[in-house]
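Topology and contacts: notes
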Amino acid sequence: MNTLLDIHQVSCRFGGVRALHDVSLTVNNNEIFGLIGPNGAGKTTLFNVITGLVTPTSGNVTLDGCSLTGLAVHDILRHGLARTFQNIRLFPGLSVLENVMIGRHSLGHTGIWGAISRNQRARREEADLRDTAHQLLQQVGIHHHTQTLARNLSYGDQRRLEIARALASEPKLLALDEPAAGMGQTERDALRELILSLRAQRHISILVIEHDVKWMMALCDRIAVLHFGERIALDIPERVRQHPDVIAAYLGSAS
Amino acid sequence: MSILLQQLVNGLVLGSVYALVALGYTMVYGILGLINFAHGDVTMIGAMVALTSITALSGHLPWPAAVALGLIAAIAVCMVLGYFIERLAYRPLRHAPRLAPLITAIGVSIILQNLAMLIWGRQYLAFPALLPQTWFDIDGARITGIQLAILGIALTLMLILDFLVRHTRLGRAMRATAQSPQLAGLMGINANQIISVTFLIGSALAAVAGLMVSAYYGLAHYYMGFLLGLKAFSAAVLGGIGQLRGAILGGLLLGVIESLGAGYIGVLTHGLLGSNYQDVFAFFVLIIVLMVRPSGLLGKPATDRA
């Protein structure tokens, strides 16, 4: 197994609060990796460290051998890590297609002169971009809505659009922040199928944070459990489920 | 009939100039939420530079070459000016309360007016009489060659801009930045660059409008940017500020209303009010429209701007 994402001894303090303490984990190529833990366990902080919104107090994060620590968010995107947001963040007044095209902005080259002169290169880039965006929308299952404004999509479709937009930047690692939040059981099952099919079709790694433990157990190859900022377990779902620390910290108290 | 047609043509010509300037206001407002009150004065600088260069070149070059070079000079000066106004006056205040950049904009406007007064003086400058006086008579109305050129060039520029914003990578990035600068930043869009480009485009359009207005009236003056800017700003508000097509519609409408008002107000009031009330007419219509539709003709309710 070759490692894609390597989180090495990451600690993070906010004033006197120890949000993360010496957390290490790795995500392999083509792996679906889950991150669970009770509220306040540090999942979101770890996610923010990986995606560049928070700089860790110590430790570092590398993606495919490149250090991500201290990089700006859009540079991290360029290195091959795209994310979705817990509270959906789309461009509400742009069409579904345009939202996906914006996701691929950083891969484009056309500048202002290309845009005005409409030279051959600019036109071809635009046409390719359009095709790719259509394909992505097809892959996530909302291709019948391309011209709809993003704000008019249903909640579930907005989540799918966010995933399509993240995929548009050709990431090696797709990070999903509570993708099933606010969904009904049918939608959750459909979303899980989608994530599994994306991994199969695009050969990417996917990192997921989610509260729904059952749902995660059926989705992920491996799961890490955080509790009070520390990693208390890291294993395949069956073994995580039986891990005494996990039961004590999380599953036991939850049920 | 011929008066109506004549006033409609005059109004459309005037309105297309308003629209070009209004586009500058609306683009900047769309992205920064800032009313760039110095924009009218950028137009004035464009008019001054164009007029001065055309006057200087008119003896040495045939008139089309002189006008073209004057236009290029005006565009270049205005773009540089617009770029530095944003960099020096507005960017440092990007995260300040909204009132601060607004006051700064008024300050920049005053600085530009006084600068122009120092360079070009207080007197009205006359546009050199070198454009050929051609016209066409249609049903008793007279359309001059200058009017046709203004309409044609202005409409072409508006079409290009509309296409640029709706269908290109740059335009998409501009619209995304207008909706959410932070999120656009996360997508790898450099908001500062987009803002600079917005000022560059707006200033170039202002330069063209400046040349047009000084050629049309045959005059330029250091204070001309004030009323022109105010009207163009009103046009942008009338159409729905932040909306490109709104600025175009608002500009054309304001021009037509103003000219119809000037043409008919004497008849309507039995000579009590003359055509010198044309400015009042335009603002009167603006007030009425805003009472009925506060977000402007094409504007969306404020809640839509997330």
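Just above, that's the structure.
Quick summary incoming for the structure in this document.

**Focus: the sheet that holds strand β4 (residues 58-63) of chain A**
Residue and element names in this part refer to chain A. Taken in spatial order, the 4 strands line up as β2-β1-β4-β5 in an open sheet, and their pairing is antiparallel. Edge positions in the open sheet fall to β2 (17-28) and β5 (66-67), since each of these has one partner strand only. When strand β1 (residues 3-14) meets β2, the two strands line up antiparallel, connected through 8 bridges. Within the sheet, the bridge partner assigned to C12 lies in β2 and is L20. Lying on the sheet, helix α1 (residues 43-50) is in contact with β1, β2 and β4; it crosses β1 at an angle near 120 degrees.

**A short note on the nonpolar core**
Counting residues in each nonpolar core, the largest one holds 101 residues, and the members touching the most others are F91 of chain A together with L20, L23, Y90 and L161 of chain B. The element that contributes the greatest number of residues to this core is helix α1 (residues 2-32) of chain B, accounting for 15 residues.

**Section: the pattern of salt bridges**
Across all of its chains, the model carries 20 salt bridges over all chains by this definition. Note that D235 of chain A and R239 of chain A form a salt bridge whose closest N and O atoms lie 3.5 Å from each other. With relative accessibility at 24%, the residue D235 of chain A sits in the partly exposed group. Two residues, D279 of chain B and K231 of chain B, come together in a salt bridge whose shortest N-O distance is 2.5 Å. Pair noted here: D279 of chain B is in helix α11 (residues 278-292) and K231 of chain B is in helix α9 (residues 224-239), with a separation of 48 residues, a long-range link. The partly exposed category is assigned to D279 of chain B, whose relative accessible area is 23%. One connected set of salt bridges, linked through shared partners, spans E126 and R130 of chain A together with R172 of chain B.

**Examining the interface of chain A and chain B**
If you look at the interface, chain A gives 30 residues, while chain B gives 24 residues. Buried surface at the junction of chain A and chain B, both sides included, amounts to about 2,400 Å², of which 64% is carbon and sulfur. Together, F91, I102 and H105 of chain A form the three largest contributors to the area buried by chain A at its contact with chain B, with a combined 24%. The interface formed by chain A and chain B includes 2 salt bridges. Of the charged contacts in the structure, one is a salt bridge between R175 of chain B and E98 of chain A, with a shortest N-O distance of 2.7 Å. Run the count over chain A and chain B and you get 5 residue pairs in polar contact (both at pLDDT 80 or more). Contributions of two or more residues to the side of chain A that touches chain B are made by α2 (73-78), α3 (96-103), α4 (112-117) and α5 (120-140) of chain A. Within the side of chain A that touches chain B, the residues separate by chemical class into 14 nonpolar, 8 polar and 8 charged.

Rules of the game
Residues numbered from 1 in each chain as written. Chains lettered and ligands numbered in written order. Predicted model: local features only at pLDDT ≥ 70, side-chain atom pairs only at ≥ 80, totals over all residues. Heavy atoms only, no water. Pairing = 2+ DSSP bridges. Helix = DSSP H or I, 4+ residues; strand = E, 2+ residues; numbered from the N terminus. Contact = heavy atoms within 4.5 Å. Axes fitted to C-alpha atoms, helices over the stretch in contact; angles between N-to-C directions. Core = buried A, V, L, I, M, F, W, Y, C linked by side-chain atoms within 4.5 Å. Buried < 20%, exposed > 50% of the residue type's maximum accessible area, 1.4 Å probe, protein only. Salt bridge = Lys/Arg side-chain N within 4 Å of Asp/Glu carboxyl O. Buried area = accessible area lost by both parts, 1.4 Å probe. Polar contact = N/O pair within 3.5 Å; in protein donor to acceptor, adjacent residues only side chain to side chain. Nonpolar A, V, L, I, M, F, W, Y, C, P; charged D, E, K, R; others polar.

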